[in-house]
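Fold and geometry: a report
Below are the chains, spelled out letter by letter.
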There are 2 protein chains.
Amino acid sequence: MKTIPHKIYLSENEMPRQYYNLRADMPKKPAPMLHPKTLKPVVAADLTPVFCKELVRQELDDTTRYFNIPREIRDFYKIFRPSPLIRAYGLENELNTPAKIYYKFEGNNTSGSHKLNSAAAQVYYARAEGVAALTTETGAGQWGTALAEACAHFGMPLTVYMVQGSYEQKPFRKTIMRTFGAEIIASPSNTTNIGREMLKKFPGTSGSLGCAISEAVEKAVSSENTRYVLGSVLNQVLLHQSIIGLEAEAAFNKIGDYPDVIVGCAGGGSNLGGLIAPFMRDKLLGRKDIDIVAVEPKSCPSLTRGQFTYDFCDTGHLTPLAKMYTLGSEFIPARDHAGGLRYHGMSPIVSQLYADGQLRAEAYKQTEVFEAATLFARVEQILPAPESAHAIKGAIEIAKKCRDNNQSKTILFGLSGTGNFDLSAYEQFQNGKMVDIIPTDADIARSLKTLPKV
Amino acid sequence: MKTIPHKIYLSENEMPRQYYNLRADMPKKPAPMLHPKTLKPVVAADLTPVFCKELVRQELDDTTRYFNIPREIRDFYKIFRPSPLIRAYGLENELNTPAKIYYKFEGNNTSGSHKLNSAAAQVYYARAEGVAALTTETGAGQWGTALAEACAHFGMPLTVYMVQGSYEQKPFRKTIMRTFGAEIIASPSNTTNIGREMLKKFPGTSGSLGCAISEAVEKAVSSENTRYVLGSVLNQVLLHQSIIGLEAEAAFNKIGDYPDVIVGCAGGGSNLGGLIAPFMRDKLLGRKDIDIVAVEPKSCPSLTRGQFTYDFCDTGHLTPLAKMYTLGSEFIPARDHAGGLRYHGMSPIVSQLYADGQLRAEAYKQTEVFEAATLFARVEQILPAPESAHAIKGAIEIAKKCRDNNQSKTILFGLSGTGNFDLSAYEQFQNGKMVDIIPTDADIARSLKTLPKV
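Per-chain numbering applies: the sequence of each chain, read as written, is numbered from 1 onward. Whichever chain is written first becomes A and whichever ligand is written first becomes 1, with later ones labelled in order. Local features in this predicted model are restricted to residues whose pLDDT is 70 or higher, and side-chain atom pairs enter the listing and the counts only when it is 80 or higher, whereas totals over whole chains, interfaces and linings include all residues. Hydrogens and water are ignored here; the side-chain numbers use all heavy atoms of the structure.

Considering the packing of aromatic side chains
Centres within 6.5 Å are what make two rings of Phe, Tyr or Trp a pair, Trp counting through its six-membered ring; a difference in plane orientation under 30 degrees is then read as stacked, over 60 as edge-to-face, and the rest as tilted. Per the stated rule, a full pass over the model turns up 35 aromatic pairs over all chains. With centroids separated by 5.0 Å and ring planes inclined at 70°, the aromatic side chains of Tyr-325 of chain A and Tyr-354 of chain A adopt a geometry described as edge-to-face. Pair noted here: Tyr-325 of chain A is in strand E13 (residues 321-326) and Tyr-354 of chain A is in helix H14 (residues 348-355), with a separation of 29 residues, a long-range link. The pair formed by Tyr-325 of chain A and Tyr-354 of chain A is uniform in burial state, with each residue classed as buried. Summarising the aromatic geometry, the rings of Phe-76 of chain B and Phe-80 of chain B are spaced 5.3 Å apart at their centres and angled 70° between planes, so their arrangement reads as edge-to-face. Taken together, the positions of Phe-76 of chain B and Phe-80 of chain B, both in helix H3 (residues 71-80) and four residues apart, correspond to about one turn of that helix. Judged on exposure class, the residue Phe-76 of chain B and its partner Phe-80 of chain B are both buried. Taken together, the ring pairs connect Phe-76, Tyr-77, Phe-80, Tyr-124, Tyr-125 and Phe-154 of chain A into an aromatic cluster. Two thresholds decide whether a charge sits over a ring: the Lys NZ or Arg CZ must be within 6 Å of the ring centre and within 35 degrees of the ring normal. Lying over the aromatic face of Tyr-167 of chain B, Lys-174 of chain B brings its terminal NZ or CZ to 4.2 Å of the ring centre. Here a strand is any run of E in DSSP of at least two residues, a helix any run of H or I of at least four, and the numbering for each starts at the N terminus. Burial classes follow relative accessibility: with a 1.4 Å probe on protein chains only, a residue under 20% of its type's maximum area counts as buried, one over 50% as exposed, and anything between as partly exposed.

Right, dumping it as structure tokens:
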């Protein structure tokens with residue numbers, strides 16, 4: 001007799017009313033960002049031309065524990081949240097493990113990932129401050145789709161700079177963003193100085209995320225009452241994503257359980273940081289002893305093989321410097337299908353916690369990650385995003401150890417999104433054409449030479 | 001103050017334990033199917049070479065009101081059900097209507113549609129009877145995906161004959177079915193007599209659904225202990241799909257409401273028939289007065305412009321004849337993106353109810369349907385399937401009338417699936433390249449000349 005249901009949903013009344021700011025409980029705070037020119041800690045005045053005021057406040061505040069979630073954001077969350085906490089009975093059975101496996105599934109919305117949580121907040125605050133329009137960039141398209149959805153809800157005009165290569169290869173992502181009313185511009189474009197320069201220098205280029213960021217920022221600061229928004233890495237994004245962990249915590253309360261192990265995939269750190277937030281609080285405050293595991297791809301191993309130091313957040317070197325685990329901003333990860341994990345750095349919050357030994361990290365090859373993803377799809381009936389499948393792989397390995405040692409641990413992992421738009425990667429995997437390219441020590445040493453001197 | 005939440009979920013304990021067989025309460029039963037050669041009513045012995053025993057029993061039984069849902073199927077339903085009943089606050093607000101609009105959302109699973117409900121049942125019964133393998137055909141791929149998922153769950157080998165054209169144009173559908181372990185064969189193929197004949201006669205053909213059906217049936221009857229399964233039209237499929245309506249009814253009970261109007265899209269009739277089942281019972285038994293509306297595409301108007309008579313269910317004329325509204329089995333619908341609605345006939349149950357005046361029908365052009373779909377996506381944050389968008393269009397028109405007449409009716413419509421795999425159609429719509437092709441009276445008269453003489 002299964003006493004715990006497959007899916008645990010909170011009622012609307014049980015949904016969190018505050019975001020939790022993990023920085024407030026960190027004994028060692030994340031180091032402040034530095035201005036890219038003066039190399040001095042950034043202050044609000046440096047950020048207000050780019051971000052709206054409330055988001056600047058959230059970005060810089062490392063002492064306020066809780067931020068009220070405005071009613072308008074909570075109303076929006078009610079449309080696509082709460083997300084279910086799912087008991088992975090199928091996976092437990094398949095692995096024949098005494099471990100109890102749960103996952104928090106964030107893919108149950110049209111954008112297909114957790115990104116919508118922060119998009120909702122960022123668009124709302126901009127709307128509340130009277131911002132006239134927003135700009136952003138997108139690579140694979142998840143963030144752009146989430147933002148287009150949130151902008152449709154709040155009635156905010158949006159321009160998305162989409163890397164030219166993706167614009168051509170992922171026409172469906174472009175179409176879905178347009179369905180939600182966003183304007184999509186292939187980057188580099190003629191709409192910005194930096195875009196025009198790039199087109200002149202490199203005619204026929206397929207663009208880069210760095211260039212798209214630069215265009216979106218330039219467009220925002222040069223347009224009337226326009227602001228730029230970003231979907232990961234930033235402290236404000238992890239604050240909004242704490243909704244994932246807070247809902248998971250409330251769901252565990254309902255069923256009278258609590259995780260012994262938490263596993264999340266880590267790219268920029270927004271999903272992991274959000275998932276672990278309230279549990280890490282309990283760990284930092286000495287209330288609980290939890291094993292927290294970040295899983296990254298071997299092709300882009302910022303935590304497991306990077307250096308903890310100040311670096312640029314973007315390849316264009318326009319953004320502030322952040323102290324984080326980094327492979328160097330000029331590190332070019334091998335073509336890996338987990339596009340959301342192909343980032344040279346890591347959220348400063350996650351980085352500091354890792355440096356302090358509060359979480360550990362593991363790296364897996366993408367072929368073994370797709371093997372885990374395929375197994376998961378068959379037994380849990382959800383096609384996972386390649387990014388999320390890193391967490392699945394990590395959780396499976398832990399559940400197998402529990403089987404070998406006969407331990408009935410409670411494992412929680414984050415299933416941050418679905419793989420409906422990643423089927424070309426699944427196809428490569430099925431056809432045996434997927435390869436694992438892992439950077440050599442020399443590769444990493446070379447890109448680390450480009451670190452700024454701070 | 002909104003007293004009714006956005007989403008109403010049943011708990012696992014509240015999920016239906018029986019399917020409801022609407023035929024048992026129909027004053028005029030659907031006419032029996034006829035054997036394609038003898039033209040006599042089919043009996044169990046005619047069907048058992050093709051379908052497994054329990055499904056034959058369900059197909060032919062028009063008196064038993066309720067069928068217990070076996071525990072194994074209910075356990076599987078717990079993985080992807082209950083589906084939410086959603087209050088369309090965003091749409092109500094956009095339309096400024098006093099009507100209360102609800103929709104039952106069946107797209108919240110990896111296959112993306114309601115088809116998984118019947119796939120679950122059909123695979124379970126085959127497994128329970130010791131059937132060794134299943135075959136089916138798929139065009140656009142929704143049914144094939146749903147069946148592949150159910151087969152992965154129950155450990156049943158599956159061969160899917162996929163229309164050659166779709167096999168090439170929709171490689172992602174093929175990949176997702178393979179992820180779930182199905183074998184996919186492009187039809188026509190060398191694996192059947194009919195396939196080999198077709199390839200000889202028409203080298204380089206892109207295939208047809210009729211041919212794929214024929215290959216799947218031939219493969220099933222000629223292979224050891226193998227059966228064929230079908231995703232719509234059949235009585236057994238509507239029986240399984242009654243889970244949609246039963247859950248909706250239970251959810252309305254929870255919130256103390258009941259629909260005045262029910263709207264569903266109608267292709268083969270499985271989604272509509274399932275959605276309306278318990279409500280139509282209340283109507284037939286004189287307990288409730290409900291306006292029930294089937295919405296179909298103007299390009300394939302079987303209810304609104306077809307004839308109620310015996311016809312073949314397939315273009316290959318291999319299957320039994322069914323008494324239904326039909327445009328003639330050789331009717332070639334104009335290329336319409338709502339692939340699931342491009343069927344010349346209609347479920348005999350839905351057809352009989354329509355003939356008896358128990359439901360009415362409306363037809364819309366696809367451009368106006370996509371306009372409604374786009375509006376819906378922006379205010380409700382779900383990208384609808386083109387098929388489902390027909391129901392949205394129908395519901396919107398009714399809600400507008402409620403506004404004009406200041407009536408606060410309760411409207412329920414079926415959102416049978418998501419449009420994540422239909423983005424090329426959305427792209428055509430956005431680019432103004434979508435056209436509406438509506439058959440002339442002469443077109444329909446011509447194809448009705450091919451009706452069998454019974």
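Description of the packing of helix H15 (residues 366-380) of chain B against helix H17 (residues 423-430) of chain B
Residue and element names in this part refer to chain B. At a minimum axis separation of 11 Å, H15 and H17 run at an interaxial angle of 105°. Of the possible angle classes, the one that applies to H15 and H17 is roughly perpendicular. Residues Thr-367, Phe-370, Glu-371, Ala-373 and Thr-374 of H15 pack against Ala-425, Tyr-426 and Phe-429 of H17. Inter-axis angles, ranging from 0 to 180 degrees, are taken between N-to-C directions of lines fitted to C-alpha atoms, where helices are fitted over the stretch in contact. Geometric relationships in this document are graded by angle, where less than 35 degrees denotes roughly parallel, more than 145 denotes roughly antiparallel, 65 to 115 denotes roughly perpendicular, and other angles denote oblique. By definition, residues are in contact when any of their heavy atoms lie within 4.5 Å.

Concerning the sheet that holds strand E9 (residues 226-228) of chain B
Residue and element names in this part refer to chain B. When DSSP locates at least two bridges between a pair of strands, those strands are taken to pair. Within the open sheet, the four strands sit side by side as E8-E7-E6-E9. Their pairing is parallel. Where the open sheet ends on each side, the last strands, each with one partner, are strand E8 (183-187) and E9. Direction aside, neighbouring strands of the sheet carry axes that sit 25° apart on average. Direction of pairing for strand E6 (residues 133-138) relative to strand E7 (residues 158-163): parallel, over a ladder of five bridges. The residue bridging Thr-135 from the neighbouring strand is Thr-159, located in E7. Contacting E6, E7 and E8, helix H8 (residues 171-179) runs over the sheet at an angle of about 180° to E7.

Looking at the interface of chain A and chain B
One frequent convention defines the size of an interface as the accessible area lost when the parts assemble. Across the contact, 41 residues belong to chain A and 41 residues belong to chain B. The working definition used for a salt bridge is a side-chain nitrogen of Lys or Arg within 4 Å of a carboxyl oxygen of Asp or Glu. Run the count over chain A and chain B and you get zero salt bridges. The definition of a polar contact used here is a pair of N or O atoms within 3.5 Å, where within protein one atom must be able to donate a hydrogen and the other to accept one, and adjacent residues in sequence count solely through side-chain atom pairs. Taken together, the connections running from chain A to chain B amount to 23 residue pairs in polar contact (both at pLDDT 80 or more). If you list the elements that add at least two residues to the side of chain A that touches chain B, you get helix H3 (71-80), helix H6 (142-154), helix H8 (171-179), helix H15 (366-380) and helix H17 (423-430) of chain A.

Some remarks on the pattern of salt bridges
All names here are of chain A. Overall, the coordinates contain 42 salt bridges over all chains when judged by the stated rule. Across the pair Lys-254 and Glu-14 runs a salt bridge, and its minimum N-O distance is 2.7 Å. Residue Lys-254 is located in helix H11 (residues 235-255), and its partner Glu-14 is located in the loop between strand E1 (7-8) and strand E2 (18-20); the two are separated by 240 residues in the primary sequence. For Lys-254, a relative accessible area of 44% corresponds to the partly exposed category. Linking Glu-397 and Lys-400 is a salt bridge whose minimum nitrogen-to-oxygen distance equals 3.9 Å. Here the residue Glu-397 and the residue Lys-400 both occupy positions in helix H16 (residues 386-405), the gap between them amounting to three residues, near one helical turn. We classify Glu-397 as partly exposed; its relative accessible area is 24%. Residues joined by salt bridges that share partners form a network here, namely Arg-71, Glu-72, Asp-75 and Lys-78.

Let's talk about the sheet that holds strand E4 (residues 85-87) of chain B
Residue and element names in this part refer to chain B. Spatially, E1-E4-E5-E15-E10-E11-E14 is the arrangement adopted by the seven strands of the open sheet, whose pairing is mixed. Each edge of the open sheet carries a strand with a single partner, namely strand E1 (7-8) and strand E14 (360-364). Note: strand E10 (residues 261-265) against strand E11 (residues 291-297), five bridges, orientation parallel. Within E11, the residue paired with Ile-262 across the bridge is Ile-292. Strands in contact with helix H12 (residues 270-284) are strand E5 (100-105), E10, E11 and strand E15 (410-415); relative to E10, the strand with the most contacts, it is inclined by about 155°.

A few points about the packing of H17 of chain A against H8 of chain B
Axis separation between H17 of chain A and H8 of chain B bottoms out at 9 Å; the angle between their running directions is 55°. Taken together, H17 of chain A and H8 of chain B sit at an angle that is classed as oblique. In this structure, H17 of chain A crosses over H8 of chain B, and the sense of that crossing is left-handed. On the side of H17 of chain A, the interface is formed by Leu-423, Ser-424, Tyr-426, Glu-427 and Gln-430 of chain A, while H8 of chain B contributes Pro-171, Phe-172, Lys-174, Thr-175, Ile-176, Arg-178 and Thr-179 of chain B. Lys, Arg, Asp and Glu make up the charged group, whereas Ala, Val, Leu, Ile, Met, Phe, Trp, Tyr, Cys and Pro make up the nonpolar group; the residues left over, Gly among them, are polar. A class-by-class count of the residues in the contact of H17 of chain A with H8 of chain B yields five nonpolar, four polar and three charged. Note on convention: the crossing is left-handed when the near helix lies turned anticlockwise from the far helix by less than a right angle, right-handed when the turn is clockwise.

Observations concerning the environment of Leu-85 of chain B
All names here are of chain B. Position of Leu-85 among the secondary structure elements: in strand E4. Residue classification places Leu-85 among the buried positions, given a relative accessible area of 0%. Once the C-alpha coordinates of Leu-85 and Val-350 are considered, the two residues, 265 residues apart in sequence, prove to be 23 Å apart. In this structure, Leu-85 is in contact with His-6, Lys-7, Ile-8, Tyr-102, Tyr-103, Lys-104, Ala-248, Ala-251, Phe-252 and Leu-412, ignoring residues within four places of it in sequence.

Read these as spatial facts, not as claims about activity.
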